[in-house]
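Here's the letter readout for the chains.
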Amino acid sequence: MTPPASDDLISQKASTSCQGAPTNQPASSATPVSQAPPLCLPIQIMLQPLSKRFRYHFFGNRQTNSLSKPEWYLTQVLMWMGNSATFMEERIQPVLDRAGVNISARVELCRGLLALVQEKVASDASRLLYDDTLFCHLVEEVLQFEKELRSNQAYPAVLPGLLHLLLDDAILQKWLIVEKKMAVEKVDAMLVAEGAWSSQYKDIRDMDELKAPDCAETFMTLLQVITDRYRTLPCPSAQLKFLELQRELVDDFRIRLTQVMKEESRCPRGARYCAILNAVNYISTILTDWGDNVFFLQLQQAAVSLGEEGVLGGLGMMEIGRLASLEGSLFEGLLALLDRLKGDMIGRLLDGIMREITGKAKPYCQDRWFSLPSPQDQSTMSLSSSACPMMLCVRDSLLNLHQVLSVSLFQLAWQGLAERLDSFLYQDVILSNHFSDGGAAQLQFDMTRNLFPLFGHHCKRPENFFKHVKEACIVLCLTVGSAILLKNVIKEWDDAPRDGDGREDPPPETALNELGVYYLAPCDVLILLNLRASWPGQ
C-alpha cells in the first residue's frame, strides 16, 4: 500500500533547494512530542517501507547522508507527504471512517514521517554546534520546512513540527550567538559600502518621503528578516530572547550613527550629515510602527506575564504597568535615545544655518532705522538692500533642507529655523535699534512681504511662527495717538495700587488683544513703545 513515488527525490538523484520567508502568524504553543498519541497500527505498517528507505539513505554511510544538505531529506519527506495525500484521503480515509476511527489518515501519515525527520534534525543539530555556516543552513531549512508543512500540507497547528527542536537550550543559544555574529558582520559591511549614505529611491519623488539612506534600509530589512525567522517559534520566552537581541542591535547601530555624526558635525549641512539624520528618523519611524504591531504587542504582554528580566530589566512598576495596559511599547527606551539624537542633530544643523544667516544679517542689524524716511515720502516700497543677503541665505537654506531631509524632518527643521530667526530678529534688530515711522514701516514691509512668504510655501500662515516679530511690527507701526494711549494704559495699570480686588478698568491685555497683540507681555510692549524715535515734543 506504499504510495507511488515516480517523482521520488532519491530515485531521481536530484536535490531541491527550498527557499522562502517564515509565516506571519503569531507564535502559538506546540504539543510536546511525548504527549502525542501513538500512530494507529495500519499507518505504522504503511510507514515501514518509507522508514526503511529514509534510514538507509539519511542515517547510514551513503552520500545522501550529508550534514551540509539537510534539504535533501526534508524535501524528500515533503514529496512523500504530497504524493501520498490523494491516496490517503480517497483510499484510506473512507476505511477509517467506516471503522468509526476519528482520525485523519493524511495527518497520521505526516505524523509518522515527521517522527523520522525530528530524529534526524535533532541528531544533526547537535553535531553542527561548532560550525556556524552549516548550523545556519540547517536552521533556515528547518524554518522553510515548517512553513511548507503548515501551508502546503495543511498540517494542524496544534501538532508539533520541527520548531520545538530549535528550543533546546544549546541549540537556541547557538542560534542567538550566530544570529548576532552575522548581523554585526553585515552592519560592518553595509556602513562602508559604496552608496551607504544615499537613498536608492532618490530619483523617484513619490517613493522617497523618508529619504532613508541605503544602510538604514538594509539594517531594518535585516531586523525584519530576523523577526520573520523567530516569529513562528512556539515559545514566547524564546521569542523574547530574539527581541532582546534586536534591541541590542538597534542600540549598537545608534551608537555607530552617533560616531559617524560626530565626524561629520564640522559640516552639518553636508549630504552625509543629513543622511545620518534621515537614518535616525527612519529607524525611529519603523520602531514606532512596530510598537503598534500585533505580533510585538503579544510579545509585550508575554514579557509582562513571564516577568522576563532581559526585556523588562531596569523598569519600575509604573513602566511595567504601562506595558501591561499597552500604553507603552517595548521600544520606548530606544525611541527616547533616537529622539534625543535626532533633536541634537537638528539643533546642530540649525546652529550652522543660523551662523551663516547672522553673518549675512550684520548690515541689516546696523541699518539707520531711526532716520529712514516716512512711507509717504516714497513712491513704492522695496526690500531693504541690506536685507538681501540675509533673505537669499534663508531662501537657499530652506531649499537645501527641503531637498535633503525627509518630509517629517523638514517640517521640524523649518519650524525650528523660523523660531530661531524670530528670536534673532527680535533681539538683534528690533530691541537693538530705535525706529522712526519710516523705519518701522520698512521693517514691517521686509518681514511681512519678504521674509514670511519664504516660509509660506510650507504653511498657510507663516507669520504665526514669527510671533515676536509680527507683534513688534504692529506695536512699532501704531499711529502716534494710539501709541500714546496704549502707553498710558499700561503705565496706569502698573502704577495703580495692588491692594483690593475692586478694579474696574480692564487690564492692558484687553487693549493689546484688540490690536492683534497676544504673545507679547505689557512690559515688552512698553519697551517697544520706548524704541519709537518719533514722539510729540521730541
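Given the structure is predicted, the values throughout are model-derived calculations rather than measurements.

### A short note on the overall build of the protein chain
The number of helices and strands found in the protein chain is 21 helices and 0 strands. The contacts of the protein chain with a sequence gap of at least 6 include a subset with a gap of at least 24, amounting to 76%.

### A short note on the environment of Arg368
When you line up the elements, Arg368 lands in the loop between helix H14 (362–365) and helix H15 (388–404). Among the residues examined, Arg368 registers a relative accessible area of 54% and is labelled exposed. A sequence separation of 66 residues divides Arg368 from His434, and the C-alpha atoms of the two residues are 8.5 Å apart.

### Let's talk about the pattern of salt bridges
One pass over the full model with this rule turns up 23 salt bridges. Close ionic contact of Asp228 with Arg231 constitutes a salt bridge, the shortest N to O distance being 3.8 Å. Notably, a salt bridge pairs Asp396 with Arg395, separated by 2.9 Å at the nearest N-O pair. Given the relative accessible area of 43%, Arg395 is considered partly exposed. One salt-bridge network, held together by shared partners, links Asp132, Lys174 and Lys181.

### Structural notes on the packing of aromatic side chains
Following the criterion strictly, the structure yields 18 aromatic pairs and no others. With a centroid separation of 5.0 Å and 90° between ring planes, the pair formed by Tyr364 and Trp369 is classed as edge-to-face. Each of the two residues, Tyr364 as well as Trp369, counts as buried. Ring centres 5.6 Å apart and planes at 40° place the aromatic pair Trp369 and Phe435 in the tilted group. With a gap of 66 residues between them, Trp369 in the loop between H14 and H15 and Phe435 in the loop between helix H16 (407–430) and helix H17 (437–455) connect regions that are remote in the sequence. An aromatic cluster is built from Trp175, Tyr230, Phe242, Trp290, Phe295, Phe296 and Phe331, whose rings are joined through pairwise contacts. Over the aromatic face of Phe59 sits the side chain of Lys120, whose NZ or CZ is 5.4 Å from the ring centroid.

### Focus: the packing of helix H7 (residues 214–230) against helix H8 (residues 236–264)
Closest axis-to-axis distance for the H7/H8 pair is 10 Å, and the angle between their directions is 170°. Here H7 is positioned roughly antiparallel relative to H8, judged by the angle of their axes. On H8, the residues that touch Cys215, Ala216, Phe219, Leu223, Ile226, Thr227 and Tyr230 of H7 are Gln239, Phe242, Leu243, Gln246, Leu249, Val250 and Phe253. Taken together, the residues of the contact of H7 with H8 sort by class into 11 nonpolar, 3 polar and no charged.

### Remarks on the nonpolar core
In this structure, Phe219, Leu287, Leu443, Met447, Leu451 and Phe455 are the most contacted members of the largest nonpolar core, which totals 158 residues. Sequence-distant contacts of Phe219, defined by excluding residues within four places in its chain, comprise Val187, Met190, Leu249, Val250, Phe253 and Ile283.

### Concerning unusual backbone geometry
Its identity is not glycine, yet Ala154 carries a phi of approximately 50°, on the positive side. Of note, Lys211 is a non-glycine position whose phi angle comes to about 50°, a positive value. Residue position: Lys211 is located in the loop between helix H6 (169–192) and H7.

### Observations regarding the confidence of the model for the protein chain
This prediction gives the protein chain a mean pLDDT of 87; 88% of its residues lie at or above 70. H16 holds the highest mean pLDDT among the elements of the protein chain, 96, whereas helix H1 (residues 9–12) holds the lowest, 40. Every residue in residues 1–34 scores below 50 in pLDDT, and together they form 68 contacts with partners more than four places removed in sequence or on other chains.

### Some details on the side chain of Thr227
Within the fold, Thr227 resides in helix H7. Note on Thr227: relative accessible area 1%, which makes it buried. What Thr227 contacts, discounting residues up to four positions off in sequence, is Gln246, Trp290, Phe295 and Phe296.

### Some thoughts on the packing of helix H13 (residues 332–360) against H16
Relative to each other, H13 and H16 sit at 45°, their axes nearing to 10 Å. Here H13 lies oblique to H16, going by the angle between them. In this structure, the crossing between H13 and H16 has a hand that is right-handed. Residues Lys342, Ile346, Gly347, Leu350, Asp351, Ile353, Met354, Ile357 and Thr358 of H13 touch H16, and the partners they reach there are Leu409, Leu412, Ala413, Gly416, Leu417, Arg420, Leu421 and Phe424. The residue makeup of the contact of H13 with H16, split by class, is 11 nonpolar, 3 polar and 3 charged.

### Some remarks on a negative patch on the surface
Negative charge collects at one region of the surface, where Glu492, Asp494, Asp495 and Asp505 lie side by side. The class for Asp505 is exposed, based on a relative accessible area of 58%.

### Here's the deal with the environment of Leu129
Looking at the secondary structure, you find Leu129 in the loop between helix H4 (105–127) and helix H5 (132–151). Note: C-alpha distance between Leu129 and Gln173 (44 residues apart in sequence) is 9.8 Å. Those residues in contact with Leu129 that lie beyond four places of it in its chain are Phe135, Ala170, Ile171 and Lys174.

Reading the values: the criteria
- Residues numbered from 1 in each chain as written.
- Predicted model: local features only at pLDDT ≥ 70, side-chain atom pairs only at ≥ 80, totals over all residues.
- Heavy atoms only, no water.
- Helix = DSSP H or I, 4+ residues; strand = E, 2+ residues; numbered from the N terminus.
- Contact = heavy atoms within 4.5 Å.
- Buried < 20%, exposed > 50% of the residue type's maximum accessible area, 1.4 Å probe, protein only.
- Salt bridge = Lys/Arg side-chain N within 4 Å of Asp/Glu carboxyl O.
- Phe/Tyr/Trp six-rings, centres within 6.5 Å; stacked < 30°, edge-to-face > 60°.
- Lys NZ or Arg CZ within 6 Å of the ring centre and 35° of its normal.
- Axes fitted to C-alpha atoms, helices over the stretch in contact; angles between N-to-C directions.
- Parallel < 35°, antiparallel > 145°, perpendicular 65-115°, else oblique.
- Nonpolar A, V, L, I, M, F, W, Y, C, P; charged D, E, K, R; others polar.
- Core = buried A, V, L, I, M, F, W, Y, C linked by side-chain atoms within 4.5 Å.
- pLDDT = per-residue confidence, 0-100.
- Left-handed = near helix turned anticlockwise from the far one by under 90°.
- Patch = residues over 30% accessible without salt bridge, like charges linked within 9 Å, V, L, I, M, F, W, Y side chains within 5 Å.
- Areas by Shrake-Rupley, 256 points an atom, 1.4 Å probe, with all protein chains shown as cover.
- Lys, Arg positive; Asp, Glu negative; His and termini not counted.
- Charge placed at Lys NZ, Arg CZ, Asp CG, Glu CD.

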